[in-house]
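# A structural walkthrough
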Amino acid sequence: MIGTLDEHFARTLVEEMPGIVSFGATSSALLADRLHEMRREAELRESLKGLLAAGSFRPVFQPIVDLESREVVAFEALTRFDSGQRPDLCFADAWSVVRGPISRWPPLRPR
């Protein structure tokens, strides 16, 4: 990207070098969406690393009951996040940015 704070030079660029200005505008338009997406991914990755490092989540176990006998026959393992965010959204965010083995993430600390 080409830019300047000098008003005179800015006029020179626009008037005498329109190709450079056009190239700058075109490349900016082509790259802007990807750069914004990369920034969003980096911020999300850092947020998830912080969540894992702080242990800001916990498992909960929902009993599955046989309706006739009223006996607990199994448990469904669920995850709850301290932020209150819906688990499906947290997991979708994590899946969207993980680009390798989970071992690269910080280790979990027991609560």
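Residues numbered from 1 in each chain as written. Predicted model: local features only at pLDDT ≥ 70, side-chain atom pairs only at ≥ 80, totals over all residues. Heavy atoms only, no water.

### Quick notes on the overall build of the protein
Within the protein, the secondary structure is distributed over three helices and two strands. Residues counted as buried form 14% of the 111 residues belonging to the protein. Look at the contacts in the protein between residues 6 or more apart in sequence, and 43% of them connect residues 24 or more apart. (Helix = DSSP H or I, 4+ residues; strand = E, 2+ residues; numbered from the N terminus. Buried < 20%, exposed > 50% of the residue type's maximum accessible area, 1.4 Å probe, protein only. Contact = heavy atoms within 4.5 Å.)

### Quick word on the pattern of salt bridges
Taken as a whole and judged by the stated rule, the model has five salt bridges. Linking E41 and R45 is a salt bridge whose minimum nitrogen-to-oxygen distance equals 3.9 Å. Taken as a pair, E41 and R45 lie in helix α2 (residues 18-54) at a separation of four residues, close to a single helical turn. Residue R45 is classed as partly exposed on the basis of its relative accessible area, which comes to 24%. (Salt bridge = Lys/Arg side-chain N within 4 Å of Asp/Glu carboxyl O.)

### Here we look at the pairing of strand β2 (residues 72-81)
Residues in a regular strand project their side chains so that they alternate between the two faces of the sheet. Bridge count for strand β1 (residues 57-65) against β2 is nine bridges, and the pairing is antiparallel. From the neighbouring strand, F57 faces β2, where its bridge partner is F81. The antiparallel hairpin formed by β1 and β2 contains six residues in its connecting segment, where R70 sits at a positive phi of about 65°. (Pairing = 2+ DSSP bridges.)

### So, the packing of aromatic side chains
Here the structure, examined in full by the defined rule, presents two aromatic pairs. Between the aromatic rings of F57 and F81, the centroid separation amounts to 6.2 Å while the plane-to-plane angle is 45°, which identifies the pairing as tilted. Placement of the pair is F57 in strand β1 and F81 in strand β2, with a sequence separation of 24 residues. Classification of F81 as buried rests on a relative accessible area of 11%. Taking 5.7 Å as the distance between ring centres and 70° as the angle between the ring planes, the aromatic pair formed by F81 and F91 counts as edge-to-face. (Phe/Tyr/Trp six-rings, centres within 6.5 Å; stacked < 30°, edge-to-face > 60°.)

### What about a nonpolar patch on the surface?
A surface patch of nonpolar side chains, about 420 Å² in accessible area, is lined by L30, L31, L35 and M38. Mapped onto the elements, M38 comes out in helix α2. (Patch = residues over 30% accessible without salt bridge, like charges linked within 9 Å, V, L, I, M, F, W, Y side chains within 5 Å. Areas by Shrake-Rupley, 256 points an atom, 1.4 Å probe, with all protein chains shown as cover.)

### Quick word on the environment of V65
Mapped onto the elements of the fold, V65 is located in strand β1. Along the backbone, V65 and F75 are ten residues apart, and their C-alpha atoms lie at a distance of 8.7 Å. Once residues lying within four places of it in the same chain are set aside, the contact partners of V65 are R70, E71 and V72.

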